Amino acid sequence: MFSKQEAQQIKKEFWTAFGKSFPRKWILYDTKVKDMAFKFSADNKKVEVSFDIEMKDEVFRNAYYEKIWSLEDILKDFIGDFQKDEYFALENGKVISRIWVEKNGVSIFNRNTWQEIFEFFVDKMDGFERFYYEYEDFIKDI
């Protein structure tokens, strides 16, 4: 399909276009909790917005996950239907807890879907952030 170099260039153009289309400072890694972050991801089949709890200490990771999970219905009001996995395995083998929303049928390599992806990213990340700001004190109280 694309050479590795072409794919890297398209990805760079995608993220640059997203930043220019929606110039905003997102929380992302600035949750004030080590190893807890919001993330955007995009590939050739789908895109995701996720809330990752990456603590190595399983007790702490589970405690944060349970806190957030106790707010399941409220979170759903902010972001709609979502998926969750208390023991999500990353490609590198690291196990994290993840709550995420995804959109299928779009591709970072199809410029015709970029606007749809951008709007999904903004809508879902905004929902995650509003949820986090509203319940931050409760979530962080471990």
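Residues numbered from 1 in each chain as written. Predicted model: local features only at pLDDT ≥ 70, side-chain atom pairs only at ≥ 80, totals over all residues. Heavy atoms only, no water.

Observations concerning the pattern of salt bridges
Consideration 1: Enumeration over the complete set of coordinates arrives at 16 salt bridges.
Consideration 2: With its nearest N and O atoms 2.4 Å apart, the salt bridge here joins R111 to E13. Placement of the pair is R111 in the loop between strand 4 (95–104) and helix 4 (114–140) and E13 in helix 1 (residues 4–21), with a sequence separation of 98 residues.
Consideration 3: On the basis of relative accessible area, E13 is assigned to the partly exposed category, the value being 27%.
Consideration 4: With a shortest N-O distance of 2.6 Å, E129 and R24 are connected by a salt bridge. (Salt bridge = Lys/Arg side-chain N within 4 Å of Asp/Glu carboxyl O. Helix = DSSP H or I, 4+ residues; strand = E, 2+ residues; numbered from the N terminus. Buried < 20%, exposed > 50% of the residue type's maximum accessible area, 1.4 Å probe, protein only.)

Some details on the sheet that holds strand 3 (residues 83–89)
Consideration 1: What the four strands build is an open sheet, ordered 1-2-4-3; its pairing is antiparallel. The open sheet terminates on both sides in strands that have one partner only, identified here as strand 1 (36–42) and strand 3. Sheet twist, expressed as the mean angle between neighbouring strand axes with direction ignored, is 25°.
Consideration 2: Where strand 2 (residues 46–53) meets strand 4, eight bridges bridge the pair, whose relative direction is antiparallel. Its bridge partner lying in strand 4, K46 is registered against N104.
Consideration 3: On the sheet, helix 4 packs against strand 1, strand 2 and strand 4 and is oriented at approximately 15° with respect to strand 2. (Pairing = 2+ DSSP bridges. Axes fitted to C-alpha atoms, helices over the stretch in contact; angles between N-to-C directions. Contact = heavy atoms within 4.5 Å.)

Thoughts on the environment of N104
Consideration 1: With respect to the helices and strands, N104 occurs in strand 4.
Consideration 2: Residues N104 and E13, spaced 91 residues apart in sequence, show a C-alpha to C-alpha distance of 21 Å.
Consideration 3: Residues within four places of N104 in sequence aside, it is in contact with K45 and K46.
Consideration 4: At a separation of 3.3 Å, a polar atom in the side chain of N104 contacts the side chain of E102. (Polar contact = N/O pair within 3.5 Å; in protein donor to acceptor, adjacent residues only side chain to side chain.)

No statement about biological role is implied by the geometric values presented.
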